[in-house]
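Remarks on the overall topology
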Amino acid sequence: KNQVEQSPQSLIILEGKNCTLQCNYTVSPFSNLRWYKQDTGRGPVSLTIMTFSENTKSNGRYTATLDADTKQSSLHITASQLSDSASYICVVSDPLWRGGGADGLTFGKGTHLIIQP
Amino acid sequence: GAGVSQSPRYKVAKRGQDVALRCDPISGHVSLFWYQQALGQGPEFLTYFQNEAQLDKSGLPSDRFFAERPEGSVSTLKIQRTQQEDSAVYLCASSAHHGTGYNEQFFGPGTRLTVL
């Protein structure tokens, strides 16, 4: 079964500090890797989408990296803010995994990030 | 309303009751997905529609789960004879094009179902 493993499971940092979240996956082949932010009680919101040929992609204070050889990705958050408190979910797309042309998304369990003032 | 909406936001059901969860996708979006998210877990795929056609229902956990999208817009996920293990957040997502693996999916806020 395709898997996406994230670490750490939870993380607490002080406002203004940087942090890096990790994602390891076994999905192969894959078409793209996504990072989502999910606030409590809300649906996931896309932060970045990277194809297998991309190494890095930024969205404001969020920077995602991808190493397709080692099947690892990371999400770096710079100068954290209280509003960054959320779960961050790594998602890998393997459209061949699903029939019917679906996107074949496999979701990690997420890293629960808490920013303290 | 530019986003995906879902109703109700919260639903409490007694074991054995039937429930119906509604999803209003972004207008004009071709693809619609249903996911189940247990507490502390990532979403898990349930079913996928391209317009009104249900092209993939491989993730539905049992024949008590049924989804429809009769006119290619609003979708309903129905759960018959609910069980406690059905307690979860049910997320709906839509995307502008048919599933290719590259399309961005936009998620609704989810319906939190609690079965007592």
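Scroll up to find the structure.
Residues numbered from 1 in each chain as written. Chains lettered and ligands numbered in written order. Predicted model: local features only at pLDDT ≥ 70, side-chain atom pairs only at ≥ 80, totals over all residues. Heavy atoms only, no water.

1. Description of the overall build of chain B
Each helix and strand counted, chain B has 0 helices and 11 strands in total. Computed over its C-alpha atoms, the radius of gyration of chain B comes to 13 Å, within 12% of the 13 Å expected for a compact globule of 116 residues. Sequence-distant contacts in chain B: of pairs separated by 6 or more residues, those separated by 24 or more amount to 55%. Counting every atom, chain B has about 5600 Å² of accessible surface; 48% of that belongs to carbon and sulfur. (Helix = DSSP H or I, 4+ residues; strand = E, 2+ residues; numbered from the N terminus. Rg over C-alpha atoms; globule rule 2.2 N^0.38 Å. Contact = heavy atoms within 4.5 Å. Areas by Shrake-Rupley, 256 points an atom, 1.4 Å probe, with all protein chains shown as cover.)

2. Examining the interface of chain B and chain A
Across the contact, 24 residues belong to chain B and 25 residues belong to chain A. Summing the contributions of chain B and of chain A, the shared interface buries around 1900 Å²; its carbon and sulfur component is 49%. For the pair chain B and chain A, the number of links is 0 salt bridges. Where the side of chain B that touches chain A is concerned, the elements lending two or more residues are strand S4 (31–37), strand S5 (44–50) and strand S6 (53–56) of chain B. With 3 residues, the single largest contributor to the side of chain B that touches chain A is S4(B). Broken down by class, the residue content of the side of chain B that touches chain A amounts to 10 nonpolar, 11 polar and 3 charged. (Buried area = accessible area lost by both parts, 1.4 Å probe. Salt bridge = Lys/Arg side-chain N within 4 Å of Asp/Glu carboxyl O. Nonpolar A, V, L, I, M, F, W, Y, C, P; charged D, E, K, R; others polar.)

3. Observations regarding the state of the cysteines
Where two cysteines share a covalent bond between their sulfur atoms, that bond is called a disulfide. Residues and elements named next belong to chain A. Taken as a whole and assessed by the stated rule, the structure comprises 2 disulfides over all chains. For Cys23, the disulfide goes to Cys90, at an S-S distance of 2.0 Å. Taking the torsion about the S-S bond as the criterion, the Cys23 to Cys90 disulfide, at about -70°, is left-handed. Taken together, the residues Cys23 in strand S3 (residues 19–25) and Cys90 in strand S9 (residues 86–93) connect sequence positions 67 residues apart. (Disulfide = S-S within 2.5 Å.)

4. Things to note about the sheet that holds S3(A)
Strand pairing in a sheet takes place through backbone hydrogen bonds and is either antiparallel or parallel in direction. Residue and element names in this part refer to chain A. Taken in spatial order, the 5 strands of this open sheet run S1-S3-S8-S7-S6, and their pairing is antiparallel. Where the open sheet ends on each side, the last strands, each with one partner, are strand S1 (4–7) and strand S6 (56–59). Averaged over all adjacent pairs, the angle separating strand axes in this sheet is 15°, with direction ignored. In this sheet, strand S8 (residues 72–77) lies alongside S3 in antiparallel orientation, the contact comprising 6 bridges. Bridge pairing links Leu21 to Leu75 in S8. (Pairing = 2+ DSSP bridges. Axes fitted to C-alpha atoms, helices over the stretch in contact; angles between N-to-C directions.)

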